[in-house]
Amino acid sequence: MTAALAPDALATVNRLADQHRDQPGALLPLLHAAQEALGHVPAEAVPAIAQALNLSRAEVHGVVTYYHHFRSTPPGRHVVQVCQAESCKAMGADALMAHARQVLGCDGHGTRGDGAVTLEPVYCLGLCALSPAVMVNDTLHARMTPQKFDRLTAVQEASA
Ligand code: FES
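Only a predicted model underlies this, so the values are computations on that prediction, with no experimental measurement involved.

Before going further, it helps to spend a moment on the packing of aromatic side chains. Per the counting criterion, the structure on display carries two aromatic pairs. Between tyrosine 66 and tyrosine 67 the ring centres are 5.0 Å apart and the planes differ by 90 degrees, which places this aromatic pair in the edge-to-face class. With relative accessibility at 35%, the residue tyrosine 67 sits in the partly exposed group. When the ring of tyrosine 67 is compared with that of phenylalanine 70, the centres are 6.2 Å apart and the planes differ by 85 degrees; the resulting orientation is edge-to-face. Given the relative accessible area of 7%, phenylalanine 70 is considered buried.

Successive residues of a regular strand alternate their side chains across the two faces of the sheet. Counting buried positions over the six residues of strand S3 (residues 117-122) gives six, a clear majority of the element. Burial of S3 is two-sided: the residues Val117, Leu119 and Pro121 facing one way and the residues Thr118, Glu120 and Val122 facing the other way are all buried. Sheet analysis places strand S1 (residues 78-83) next to S3, joined by six bridges and oriented parallel. Along S3, the bridge assignment pairs glutamine 81 with glutamate 120. When strand S2 (residues 110-111) meets S3, the two strands line up antiparallel, connected through two bridges.

In this section: the environment of valine 136. Following the sequence through the fold, valine 136 ends up in strand S4 (residues 134-136). On a C-alpha basis, the gap between valine 136 and alanine 93 in space is 15 Å, while along the polypeptide they are 43 residues apart.

To continue, consider the domain arrangement of the protein. Taken domain by domain, the protein comprises domain 1 (7-66) and domain 2 (78-158). Here domain 1 and domain 2 have C-alpha centroids that lie 28 Å from each other.

The omega torsion of the bond from serine 131 to proline 132 falls at -10 degrees, within 30 degrees of zero and hence cis. In this structure, proline 132 sits in the loop between S3 and S4. In this structure, asparagine 137 takes a positive phi of about 50 degrees despite not being glycine. When you line up the elements, asparagine 137 lands in the loop between S4 and strand S5 (139-141). Positive phi, normally seen in glycine, also occurs at aspartate 138, with a value near 75 degrees. Take aspartate 138: it is sitting in the loop between S4 and S5.

Here the focus is helix H2 (residues 27-38). The first and last C-alpha atoms of H2 sit 16 Å apart over twelve residues, in line with the 16 Å expected at 1.5 Å per residue. Those residues of H2 lying buried are Leu27, Leu30, Leu31, Ala33, Ala34 and Gln35. On its buried side, H2 packs onto helix H1 (7-20), helix H3 (46-53) and helix H4 (57-66). At the C-terminal side of H2, glycine 39 shows a positive phi close to 90 degrees.

Pairing is mixed across the open sheet formed by five strands, whose spatial order is S2-S3-S1-S4-S5. Two strands close off the open sheet at either side, each with one partner strand: S2 and S5. Sheet strands touched by helix H6 (residues 93-104): S1, S3 and S4. Its angle to S3, the strand with the most contacts, is close to 165 degrees.

The rules behind each value
- Residues numbered from 1 in each chain as written.
- Predicted model: local features only at pLDDT ≥ 70, side-chain atom pairs only at ≥ 80, totals over all residues.
- Heavy atoms only, no water.
- Phe/Tyr/Trp six-rings, centres within 6.5 Å; stacked < 30°, edge-to-face > 60°.
- Buried < 20%, exposed > 50% of the residue type's maximum accessible area, 1.4 Å probe, protein only.
- Helix = DSSP H or I, 4+ residues; strand = E, 2+ residues; numbered from the N terminus.
- Pairing = 2+ DSSP bridges.
- Domains from an automatic or database assignment.
- Expected span 1.5 Å × (residues − 1).
- Contact = heavy atoms within 4.5 Å.
- Axes fitted to C-alpha atoms, helices over the stretch in contact; angles between N-to-C directions.

Here it is, written out as structure tokens:
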């Protein structure tokens with residue numbers, strides 16, 4: 001049995017569902033909005049979302065787990081996203097991701113034990129011409145190098 005969603009989170013999900021329920025293909029926009037509002041899409045929100053959109057829980061759960069973008073657990077205080085799509089791959093994204101894992105001390109899709117940072121591979125940040133690209137807490141950074149990454153994350157660590 002799924003635990004209950006906190007009342008304020010449930011109110012948020014219901015409000016967002018009201019905003020999206022009449023829109024064609026409402027599930028993805030609603031999931032994006034829920035993650036934007038809550039930081040993740042809690043498993044406990046799946047029943048409310050399914051009911052609001054007249055879908056099965058399995059359908060909603062399937063979409064949440066299919067797309068890497070959606071988190072089912074709360075992120076760390078800082079979120080570092082390293083693009084792993086084609087253009088960035090051609091410009092060293094694999095090595096940059098390995099460097100990020102080592103420096104931040106967590107795996108891709110992982111949150112460090114102290115909750116300071118979540119590292120996520122993503123698939124195109126829209127900065128392909130300036131690869132490799134990284135986003136830290138909603139701020140894009142182009143032509144990333146391991147040295148720039150170290151400076152950037154040192155600043156974030158200081159503010160954690
Ligand atoms: S491929 Fe990395 S930003 Fe587009």
